[in-house]
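Inside the fold
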Amino acid sequence: MEYNHKEIEQKWRQFWEEKQTFKTEIDTSKPKYYVLDMFPYPSGAGLHVGHPLGYIASDIIARYKRLKGFNVLHPMGFDSFGLPAEQYAIQTGQHPAITTEENITTYIRQLKQIGFSYDWSREVRTSDSKYYKWTQWIFMQLFNHYYDKDANKALKITDLVEKFAASGNKSVNAVCDEDTPVFTSEEWNAMSEFDQQSMLLKYRLTYPDESVVNWCPGLGTVLANDEVKDGVSERGGFPVEQKKMKQWAMRITAYADRLIDGLNEVDWSDALKEQQRNWIGRSTGASVKFKVDASTVQENAPESIEVFTTRVDTIYGVSFIVIAPEHEYVPFLTTPEQKEAVDEYVKWVASRSELDRMSEVKKVSGVFTGSYVINPFNDEKVPIFLADYVLAGYGTGAVMGVPSGDQRDWNFATHFNLPIVPILDAQTDVETQADNTKEGKYINSGIINGMEYKEATKTLTTYLEEKGIGKGKIQYRLRNAVFSRQRYWGEPVPVYFKDGLPYLIEESELPLDLPVIDKYLPTETGEPPLGRAENWKYKGEYEYELSTMPGWAGSSWYWYRYMDAQNEQEFASQDAINYWKAIDLYIGGSEHATGHLLYSRFWNKFLKDLGLVPEEEFAKKLINQGMIQGRSNFVYRVKSSVGAGKNPVFVSYNLKDQYETTGIHVDVNIVNNDILDVNAFKNWREDFANAEFILEDGKYVCGVEVEKMSKSKYNVVNPDILVDKVGADTLRLYEMFLGPLEQAKPWNTNGIDGSFRFIKKVWRLFYDDLGTFKVKDEAPTPAELKVLHTAIKKVEEDLERYSFNTVVSTLMICVNDLGSLKCSKKAILQELVILMSSYTPHIAEELWTLLGNEAGTISYASFPKFNPSYLVEANFEYPISINGKVRANISFPTDAIPADIEAGVLANEIVQKWLEGKAPKKVIVVPKRIVNVVM
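This write-up is about the structure you can find in this document. (Residues numbered from 1 in each chain as written. Predicted model: local features only at pLDDT ≥ 70, side-chain atom pairs only at ≥ 80, totals over all residues. Heavy atoms only, no water.)

Describing the pattern of salt bridges
To keep it simple, the criterion reads: Salt bridges are counted wherever a side-chain nitrogen of Lys or Arg sits within 4 Å of a carboxyl oxygen of Asp or Glu. Working definition: helices are DSSP H or I runs of at least four residues, strands are E runs of at least two. Numbering for both runs from the N terminus. Only protein chains enter the accessibility calculation, which uses a 1.4 Å probe; a residue whose area is less than 20% of its type maximum is buried, one above 50% is exposed, and one in between is partly exposed.
Following the criterion strictly, the structure yields 47 salt bridges and no others. A salt bridge links Asp 59 to Arg 63; the shortest N-O distance between them is 2.9 Å. Taken together, the residues span about one helical turn, with Asp 59 and Arg 63 both in helix H2 (residues 52-67) at a distance of 4 residues. Here the two residues Asp 59 and Arg 63 agree in accessibility, since each one is buried. The residue Lys 339 makes a salt bridge to Asp 343 at a minimum N-O spacing of 2.7 Å. Pair noted here: Lys 339 and Asp 343 are both in helix H12 (residues 339-350), with a separation of 4 residues, about one helical turn.

Describing the side chain of Thr 24
Note the threshold: Pairs of N or O atoms are called polar contacts if they sit within 3.5 Å, as long as, within protein, a hydrogen donor faces a hydrogen acceptor (for residues adjacent in sequence, only side-chain-to-side-chain pairs). Contacts: residue pairs with any heavy atoms within 4.5 Å of one another.
Mapped onto the elements of the fold, Thr 24 is located in the loop between helix H1 (5-19) and strand E1 (32-37). Accessibility expressed as a relative area gives 5% for Thr 24, which makes it buried. Within the structure, Thr 24 has its side chain in polar contact with the backbone oxygen of Phe 22 (distance 3.2 Å). Every residue in contact with Thr 24, bar those within four places of it in the chain, is listed here: Asn 71, Val 72, Leu 73, Asp 119, Arg 122 and Trp 580.

Observations regarding unusual backbone geometry
Residue Leu 510 is joined to Pro 511 through a cis peptide bond whose omega torsion reads 0°. In this model, Asn 300 sits at a positive phi of 75°, which is unusual for a non-glycine residue. Inspection of the secondary structure assignment puts Asn 300 in the loop between strand E10 (282-292) and strand E11 (304-309). With a relative accessible area of 62%, Asn 300 lands in the exposed category.

Things to note about the packing of helix H22 (residues 752-764) against helix H24 (residues 804-820)
The condition that has to hold: Angles run from 0 to 180 degrees between N-to-C directions of axes, and those axes are lines fitted to C-alpha atoms, restricted for helices to the stretch in contact. Any angle that is under 35 degrees is reported as roughly parallel, and any over 145 degrees as roughly antiparallel; angles of 65 to 115 degrees are reported as roughly perpendicular and all others as oblique. Crossing handedness follows the turn of the near helix against the far one: under a right angle anticlockwise gives a left-handed crossing, and clockwise gives a right-handed one. Gly falls in the polar group here, along with every residue not listed as nonpolar (Ala, Val, Leu, Ile, Met, Phe, Trp, Tyr, Cys, Pro) or charged (Asp, Glu, Lys, Arg).
Two numbers describe how H22 lies on H24: the axes approach to 10 Å, and their chain directions differ by 40°. Taken together, the axes of H22 and H24 lie oblique to each other. Classified by chirality, the crossing of H24 by H22 is left-handed. Here Phe 758, Lys 761 and Val 762 of H22 lie close against H24, whose contacting residues are Leu 811, Met 812, Val 815 and Asn 816. Residue classes in the contact of H22 with H24 are distributed as 5 nonpolar, 1 polar and 1 charged.

Re helix H14 (residues 407-415)
Test applied: Comment: arc refers to directions from the helix axis out to C-beta atoms.
Restricting attention to buried positions, one finds in H14 the residues Asp 409, Trp 410, Phe 412 and Ala 413. Down the axis of H14, the smallest arc covering the buried residues is 165°, so these residues share one side. In this structure, the buried residues of H14 make contact with strand E12 (320-323), strand E14 (381-386) and strand E15 (398-401). The residue sitting at the N-terminus of H14 and contributing the capping side-chain oxygen is Asp 406; that oxygen lies 3.0 Å from the backbone nitrogen of Arg 408.

A look at the sheet that holds strand E20 (residues 537-538)
As a reminder, the rule being used: DSSP calls a pair of strands paired once it identifies at least 2 bridges connecting them.
In space, the 4 strands of this open sheet follow the order E19-E18-E21-E20, with antiparallel pairing throughout. Each edge of the open sheet is held by one strand with a lone partner, namely strand E19 (501-504) and E20. Across 2 bridges, the pairing between strand E18 (residues 495-498) and strand E21 (residues 542-544) is antiparallel. Opposite Phe 497, over in E21, you have Glu 543 as the bridge partner. Where helix H8 (residues 193-200) meets the sheet, it contacts E18 and E19, and its direction lies at approximately 80° from that of E19.

Side note on the nonpolar core
Using the following cut-off: Take the buried residues of types Ala, Val, Leu, Ile, Met, Phe, Trp, Tyr and Cys, join any two whose side-chain atoms come within 4.5 Å, and each joined set is a nonpolar core.
Formed by 180 residues in total, the largest nonpolar core has its most connected members in Phe 571, Tyr 586, Met 736, Phe 766 and Phe 804. When sequence neighbours within four positions are dropped, the list of residues in contact with Phe 804 reads Ala 57, Ile 60, Ile 61, Met 736, Leu 741, Leu 799 and Tyr 839. Val 312, Tyr 389, Met 400 and Leu 464 belong to the second-largest nonpolar core, a separate cluster that totals 44 residues.

Okay, structure coming up:
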């Protein structure tokens, strides 16, 4: 009987769906295990073979843990708000919900045919109002809380109001805006509602704020830094500019210390944890106020400019101050003589992304404002410059330049011919480069001359605080997170405005659904698309927030919804949350390090503060799967065949150097083992219908290159094609066999045939050449048990350490060895089927039932138990060396004593022959190694 993958796989997929084999309930009699993939955005292109890599790995672990007796939660859903569906809606007028639904249908079909053991009853979609009701609810909790530094957690805003009414805010130690004034209880109680609500916005964990953002007019929305490349949007390539806009923000900075410290508690890669630490950027230093020289500035200029420095000890070496070109102070600090140059520079910087500005290290650019500040330690005038490497949103938007101790400052000072003042006697060659040493004693440094680093730093910080011109401070690179999109296809913010201030709608009014609009573009007056909604007002009177939530809103808590997906009273019940607790294994891309993963940790900590979840960290173990790269194929068009009326001529790869050619990407799905299907090629594109070919040995050989998998390179391999051709089990096995999960590796469809042959080899252990089922109920031999238990031990060890590719090797060796032994014993093959079931579930289900087991029960069978005794050899075959040459091999029990071995060797006929009746001088027995007979 031939192995028919199409029939078998369809049969078991249908069985799993009908029987709900993987539906999961709370079961306190078992240990729990929660394995999760980062849920996908359902793009119109569907899955390519690179996408399932992490899904296959997580499914293998889910199936393995079930076999080990765990109650496994393994769900799937869709991050279904996003720009692509909305862009399509703008172009076609079709509602994004329709496009999204169609795309999800495709994804589900593809995921199911690969045989994932998801509990589909728990599916979530972030664009479903039953789901985003709870995203909106969490937003409301954030709005109604502030961060208390003494409690080191979020507390209710109503508690803060009580403190203000009783004693003002002087004794309140809370995270708030830098410009928050100090007020008494009398002053608070005398405030109007407007003033009180305005003051509370300085404390709330989410609040409307004016900030500099990456504004993309072409897409009509704000973009995150990682969505901007070289000054244009990554999606669509539209120009991006820096612009001040009213945005909702989330006070993620309140959790900065906990976000850093929590990284010590999770099993994530060191590289990813370091990315987050650098992004948060905790640094200890001092803030210093430089008084502005009033003689050169415009009216309404600030009295001082505040900078943060981690090297206050270098304060006497300051020769310039730099502020961000987009800083609000710029107009007041620019002199009339410098206005034209400043305006031109500000305009140029606005066209660059923050990422470009921060990463530029070679090119020096800047412009003098014409104004000065006064160094508070030596009263020297210091020029104020603008430079693109300073960002308004980082710290105070201003830095001090110390060219002798910082290379970037040295380059800037050299470029603008500014003084370079040495400040330590250990600094060397500061005329040619900066020296950032902390060694030696200070020179040219006023009150710290002759001191060393620690004493100098303490002295200067004390001076700043005594004079009221600065203080010691811990600062973070992390900024509060923008929480707005000027788009339609996102969660509505459950807020309305009264007298210009935000108020929450009632919880009973959730969800606030997306309204119907006529088209998905901003209004003619520049409002977001929601401004097009007719009669969309709170209680018919108040304006709703017109921006929607960003893409990361719905993905920052979704793992909890999987725990209790149908709950209409809570985002998840406490029973469910307390049982499943946190994700035990999370698999997804490292590109989410400073986006989804950071925001999710922030929201999780907030929910922990509210007592709604038990764990500080939401994902205990995280594996970042590597990218599967595309393997592109090329055809080579002879240049002389280009032109009107000419049939295109293509020359085979090994002959192309004889012609002048142009390489053209060709669809890899019409190439097999780098041999082009020329008829399929002619049908592929209309302009190639009359193509002619210069072949080698009757074939057209294509060129090859490893590149990123993308539609534009025609190297996207659709898993549907492979599942149809060789089966889902083969695809699963092959993707794991490509290499370690965490590493990037090129896809090569040519190699998948080996995995397919292995599957068929497994099948032949059960059927003979005549198609007769040959499995017998006979006792296994020691050799068969050794092969099996060697595999059991290795498979278990490798799965426990997530070495997915080596498991495939182990299974292949096991099957080959059993084939060589002509093993057809049920006791051996049944255990083998269980071992394979995590990787190749369809064929495993089929063979399990053929062995007489109840259909579907393999998913909850027991993982085979390793018995080390089967690996212990009863006998050892000794090589017998006579005068240095091996003349025989004789088997003895492994526990035989040397005297018995010696006697047995000397009695052996072959040894007797070589002894020729003579007695040996001596016999040396090395246990379990060799016997040496010396004549």
